Amino acid sequence: MKSEFEKKTEFETKVRDIMAFLEENYDWKFNEEEKKNTPKRIVAMFDEWEAKNKYNKITDFDNYYRYNNMIILKNIDFQAFCSHHLLPFIGQVSIGYIPSDKVLGASKLGRIVQNYAYKPQVQEKLTEEIADEVMKKTKAKGVIVVIKAKHLCMVMRGLNDPNIEMVTSSIRGVFEKIEVRNEFLELVK
């Protein structure tokens, strides 16, 4: 089994190989400082990314007050890497749920978002995973998740549109009723 040092050294070597390939095949130019230190910076970035997104236990609480109206946490910022292009997509998540026996602390909804956003991902799957996790943790009467995000793969390439935004939603339970869904959408706009 390789040590952490050996893994990082191997990763740096692979980054150097990619940089050399880019110079040779795409006429990209890297100076000596970049050739020496960019691989280290990339490894450090991924180490930092992994460390900040370690899954924390999501604790739930009994719904002592028998609260049975919508709980919403909106504008949860996230960053993820698109699994199709390995470019970032950045956006905000709004989550609503109507509890039954269990509720989550507000920060726990943000932790659920972070947990699923830190790995290579597509927005549609991210939306579904968040909704499934909230349903699983709370046994809610319903959950709705809406994600709005800018994808660098559409900003930097493809459509080359800096204003384009993708919106996805996932709906469970009572949010399938149009009046409940509309109440959520009105509250988060």
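Look above for the structure.
Residues numbered from 1 in each chain as written. Predicted model: local features only at pLDDT ≥ 70, side-chain atom pairs only at ≥ 80, totals over all residues. Heavy atoms only, no water.

Things to note about the overall build of the protein chain
- Along the backbone of the protein chain there are six helices and six strands.
- Its helices and strands taken in sequence order, the protein chain reads α-α-β-β-β-β-α-α-β-α-β-α from the N to the C terminus.
- For a compact globule of 189 residues, the expected C-alpha radius of gyration is about 16 Å, and the protein chain comes in at 21 Å, more than 25% above that figure.
- Dimensions of the protein chain along its principal axes, counting C-alpha atoms only, are 65 × 40 × 20 Å. (Helix = DSSP H or I, 4+ residues; strand = E, 2+ residues; numbered from the N terminus. Rg over C-alpha atoms; globule rule 2.2 N^0.38 Å.)

A short note on unusual backbone geometry
- Of note, the phi angle at Arg66 is positive, near 55 degrees, even though the residue is not glycine.
- By the secondary structure assignment, Arg66 is in the loop between β1 (60-62) and β2 (71-81).

A closer look at the pairing of β2
- Inspection of the sheet shows β2 paired to strand β3 (residues 88-98) by nine bridges, in the antiparallel sense. Along β3, the bridge assignment pairs Ile76 with Val93.
- Here β2 folds back onto β3 in antiparallel fashion, the turn holding six residues, of which Leu86 has a positive phi close to 55 degrees. (Pairing = 2+ DSSP bridges.)

Some words on the packing of helix α1 (residues 4-26) against helix α2 (residues 32-52)
- Between α1 and α2, whose axes approach to 9 Å, the crossing angle comes to 125 degrees. Of the possible angle classes, the one that applies to α1 and α2 is oblique. Between α1 and α2 lies a crossing of right-handed hand. Together, Lys8, Phe11, Glu12, Val15, Arg16, Met19 and Glu23 of α1 and Glu34, Lys35, Lys36, Thr38, Pro39, Lys40, Ile42, Val43, Phe46 and Asp47 of α2 make up the contact between the two elements. (Axes fitted to C-alpha atoms, helices over the stretch in contact; angles between N-to-C directions. Parallel < 35°, antiparallel > 145°, perpendicular 65-115°, else oblique. Left-handed = near helix turned anticlockwise from the far one by under 90°. Contact = heavy atoms within 4.5 Å.)

Focus on helix α6 (residues 178-188)
- Within the sequence span of α6, burial applies to Val180, Phe184 and Val188. The arc that holds every buried residue of α6, seen down its axis, measures 65 degrees, which confines them to one face.
- Where the residues of α6 are buried, they touch β2, β3 and β5 (142-151). (Buried < 20%, exposed > 50% of the residue type's maximum accessible area, 1.4 Å probe, protein only. Arc of directions from axis to C-beta.)

Here we look at the packing of aromatic side chains
- Tallied over the full model, the rule gives seven aromatic pairs.
- Judged by centre distance (5.3 Å) and plane angle (70 degrees), the ring pair of Trp49 and Phe81 falls under edge-to-face. With Trp49 in helix α2 and Phe81 in strand β2, this residue pair connects regions lying 32 residues apart in the sequence. Each member of the pair, Trp49 as well as Phe81, carries the same accessibility label: buried. (Phe/Tyr/Trp six-rings, centres within 6.5 Å; stacked < 30°, edge-to-face > 60°.)

Here we look at the layout of surface pockets
- The computed volume of the largest pocket comes to approximately 650 Å³.
- Of all the secondary-structure elements, those providing two or more residues to the lining of the largest pocket are α1 and α2.
- Residues belonging to the lining of the largest pocket are distributed by class as follows: 16 nonpolar, two polar and two charged.
- Looking at the second largest pocket, its volume works out to about 230 Å³.
- Considering the residues around the second largest pocket, the lining is formed by 14 residues, among which Asn75, Ser94, Val146, Lys148 and Val188 are closest to the centre. (1 Å grid on protein atoms, 1.4 Å probe; cavity = no way out; pocket = protein on both sides within 12 Å on 5 of 7 lines; lining within 4 Å. Points joined across faces, edges and corners; volume = space filled by probe spheres on them. Nonpolar A, V, L, I, M, F, W, Y, C, P; charged D, E, K, R; others polar.)

Describing the nonpolar core
- Phe78, Val93, Ile95 and Ile130 are the most contacted members of the largest nonpolar core, which has 25 residues in total.
- Those elements that provide at least two residues to this core are β2, β3, β4 (102-104), α3 (106-117), α4 (123-138) and β5.
- Tallying contributions element by element places α3 first for this core, with five residues.
- Discounting chain neighbours no more than four positions away, the residues touching Phe78 are Phe89, Ile90, Gly91, Gln92, Val93, Val113, Ala117, Leu126, Ile147, Lys148 and Ala149.
- Judged by nonpolar contacts, the second largest core, of eight residues, contains Ile144, Val146, Phe175 and Phe184. (Core = buried A, V, L, I, M, F, W, Y, C linked by side-chain atoms within 4.5 Å.)

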